[in-house]
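Notes for the structure review
As a plain string of letters, each chain reads:
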Amino acid sequence: MSYDSLTFIWYVLLGVLLIGYSILDGFDLGVGILHPFIAKDDRERRLVMNSIGPLWDGNEVWLVTFGGALFAAFPVAYATVFSSFYNAFFLLLTCLIGRAVSLEFRSKVKSTLWIKFWDIGFFLSSLIAAFLLGVAGGNVMAGMELGPKYVYQGGLLSQVYWYPLMVGCLTVSLFALHGGIYLYLKTEHELQARVRHAITPVFYAFASLFILVTLATWWHVPHATENIAAYPILWVVPILNALAVLNIPRAMHLGKPGYAFVTSSLAILAFATLFSVAIYPNFMLSTINADYSVTLDNARSSRATLQTMLIIAAVGLPCVLSYTVAIYWIFRGKVKLDSSSY
C-alpha cells in the first residue's frame with residue numbers, strides 16, 4: 001500500500017474515532033447539561049445520572065483512543081494541537097474529571113449541601129466540556145495563528161472571538177438535544193413527560209444556532225467550502241445533514257424516539273464529516289502563512305509506523321466496538337435505581 005493511501009486511511013480512521021466519541025459522549029454530556037432543568041427531586045436526579053452511569057467511562061475510551069492514534073499517526077499535528085489549546089484542554093480535562101468525581105461522590109454523604117454541590121459540579125463540568133469542544137472545533141475550522149515550526153503565535157483571548165464561541169454554543173445545544181432524546185428513551189412516567197416537553201425548545205435553540213453558524217461559516221470561513229466546490233458529490237453531506245436535523249422533530253412527533261436518536265446521531269456524524277471535509281488536507285490552517293499550516297503530509301509518521309498501526313487497529317478497533325455493543329446491550333431498557341446506583 002502506498003504512503004499516501006496509508007496517510008488517507010489514518011485520516012479517515014481518526015474521523016471515525018472522533019465521530020464515535022461525539023455521538024456516544026455527546027448524549028451523556030447532554031444529559032449533564034439538562035440535569036438541573038429536568039429532574040425535580042433527588043430521586044429524579046439520581047435517575048438522570050444513572051441513565052449514563054454504566055456508560056460514560058466507556059464512551060470516553062473513544063476520546064482516549066483518538067488522542068493515542070493522533071499521537072502515533074500524526075505526531076506533528078498532536079504536538080501543535082495540544083500546545084495551541086494548552087489552557088483550553090487543561091480546563092477540558094478538569095471538566096471530564098469533575099464529571100466523574102461528581103457522579104461517584106454525590107451519594108457518598110447524606111447531606112443536602114453535599115449533594116447540591118456535586119449536582120452543580122456535574123452540570124457545570126458537562127456544560128463547559130461541551131462548550132470547549134465546540135470552541136476548539138471553531139478555531140480549527142477558521143484557522144489559527146501558526147508561525148514557523150508550527151508554533152502557535154496567538155494568545156488565549158484570540159481563541160475566544162465570536163465565531164468559535166458560536167460554534168461552542170451550537171455544540172452545547174446539539175449535545176443537549178441528543179441527550180434529551182436519550183433521556184426520553186431511558187425514563188418513564190412524569191420524568192419522561194417532562195423530558196419530552198423540554199426537547200422542543202432545545203430543538204428550536206439548536207436549529208436557530210445551526211442556521212446562524214452555517215451563514216457565519218459561509219461568510220467568515222470561505223475555505224471551508226473549497227473541497228465541496230471542487231468535488232460536487234460532497235454536496236450530499238450538507239444536504240443529508242439538513243435532512244437529518246429536520247427529521248428529529250418529525251420522528252418525535254411520530255412517537256418514534258429510537259428513530260429520533262438514530263437521526264440525531266446521524267446529524268452528529270454529518271457535522272463531523274463536514275468538519276473533516278472543510279479542513280482537508282490540513283489539520284490546522286495557519287492564518288499567518290499557508291506554508292506554516294499543519295497538513296497530512298508534514299504531520300504524518302513514517303510509512304512503516306502507519307503500516308504497523310494499521311495492523312494494531314485491525315485487532316483493536318473490533319475489540320472497542322464489541323465492548324461498546326456489549327455494554328449497551330447489557331444496560332438496555334429503562335433506568336432503575338437499586339442499592340448500587342449513584
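Overview of the structure. All figures in this text were calculated on a predicted structure; none of them were measured in a lab.

Points about the packing of aromatic side chains
Here the structure, examined in full by the defined rule, presents 24 aromatic pairs. A cation sits over an aromatic face here: Arg300 above Tyr3, 3.7 Å from the ring centre.

Observations regarding unusual backbone geometry
Here the amide bond leading from Tyr280 into Pro281 is cis, since omega sits at 5°, within 30 degrees of zero. Mapped onto the elements of the fold, Pro281 is located in the loop between α12 (257–279) and β1 (282–284). You will see that Lys149, though not glycine, has its phi angle at about 60°, which is positive. Within the secondary structure layout, Lys149 lies in the loop between α7 (112–142) and α8 (162–186).

Topic: the side chain of Thr7
Residue placement: Thr7 occurs in helix α1 (residues 3–38). A polar side-chain atom of Thr7 sits 2.8 Å from the main-chain carbonyl oxygen of Tyr3. If near-sequence neighbours (up to four positions away) are discounted, Thr7 is found in contact with Phe74, Leu296, Arg300 and Leu306.

Considerations on helix α4 (residues 61–73)
For α4, which comprises 13 residues, the first-to-last C-alpha distance of 18 Å matches the rise-based estimate of 18 Å (1.5 Å per residue) to within 8%. Taken as a whole, α4 has its buried residues at Trp62, Phe66, Gly67, Ala69, Leu70 and Ala73. Projection of α4 onto a plane perpendicular to its axis shows the buried side chains occupying an angular sector of 165°, all on one side. Facing away from the buried side of α4, by more than 90 degrees, are the exposed residues Val64 and Phe71. In this structure, the buried residues of α4 make contact with α1, α3 (56–59), α5 (75–84), β1, α13 (296–299) and α14 (303–330).

Brief notes about the nonpolar core
Of all hydrophobic cores here, the largest spans 99 residues; its most connected members are Trp10, Phe74, Phe85, Leu177, Ile181, Phe206 and Phe283. If you tally residues by element for this core, the top one is α1, at 16 residues. Not counting residues within four places of it along the chain, the set of residues in contact with Phe85 comprises Ala136, Asn139, Val140, Met144, Gln159 and Met284.

A word on a nonpolar patch on the surface
A cluster of nonpolar side chains, contributed by Trp218, Trp235, Val236, Ile239, Leu240, Leu243 and Leu246, occupies part of the molecular surface with about 750 Å² of accessible area. For the nonpolar patch, the element with the most residues is helix α11 (residues 236–253), which contributes 5 residues. Inspection of the secondary structure assignment puts Leu243 in helix α11.

Considering the pattern of salt bridges
Applying the stated criterion to the full structure yields 9 salt bridges. Between Arg99 and Glu60 there is a salt bridge; the shortest N-O distance is 3.7 Å. You can see Arg99 sitting in helix α6 (residues 86–105) and its partner Glu60 sitting in the loop between α3 and α4, a full 39 residues away along the chain. Across the pair Asp297 and Arg300 runs a salt bridge, and its minimum N-O distance is 3.7 Å. On the accessibility criterion, Asp297 (51% relative accessible area) is exposed.

Concerning the environment of Val101
Positionally, Val101 belongs in helix α6. A relative accessible area of 25% means that Val101 is categorised as partly exposed. Put simply, Val101 and Val335 are 234 residues apart on the chain and 21 Å apart in space, counted from C-alpha to C-alpha. For Val101, the residues in contact, after removing those within four places along its chain, are Arg106 and Trp118.

Describing the environment of Trp114
Along the chain, the position of Trp114 falls in helix α7. Spatially, the C-alpha atom of Trp114 lies 47 Å from that of Val237, the residues being 123 residues apart in sequence. Residues in contact with Trp114, not counting those within four places in the same chain, are Phe105, Arg106, Lys108 and Val109. A distance of 2.9 Å separates a polar atom in the side chain of Trp114 from the backbone oxygen of Phe105.

About the cut-offs
Residues numbered from 1 in each chain as written. Predicted model: local features only at pLDDT ≥ 70, side-chain atom pairs only at ≥ 80, totals over all residues. Heavy atoms only, no water. Phe/Tyr/Trp six-rings, centres within 6.5 Å; stacked < 30°, edge-to-face > 60°. Lys NZ or Arg CZ within 6 Å of the ring centre and 35° of its normal. Helix = DSSP H or I, 4+ residues; strand = E, 2+ residues; numbered from the N terminus. Polar contact = N/O pair within 3.5 Å; in protein donor to acceptor, adjacent residues only side chain to side chain. Contact = heavy atoms within 4.5 Å. Expected span 1.5 Å × (residues − 1). Buried < 20%, exposed > 50% of the residue type's maximum accessible area, 1.4 Å probe, protein only. Arc of directions from axis to C-beta. Core = buried A, V, L, I, M, F, W, Y, C linked by side-chain atoms within 4.5 Å. Patch = residues over 30% accessible without salt bridge, like charges linked within 9 Å, V, L, I, M, F, W, Y side chains within 5 Å. Areas by Shrake-Rupley, 256 points an atom, 1.4 Å probe, with all protein chains shown as cover. Salt bridge = Lys/Arg side-chain N within 4 Å of Asp/Glu carboxyl O.

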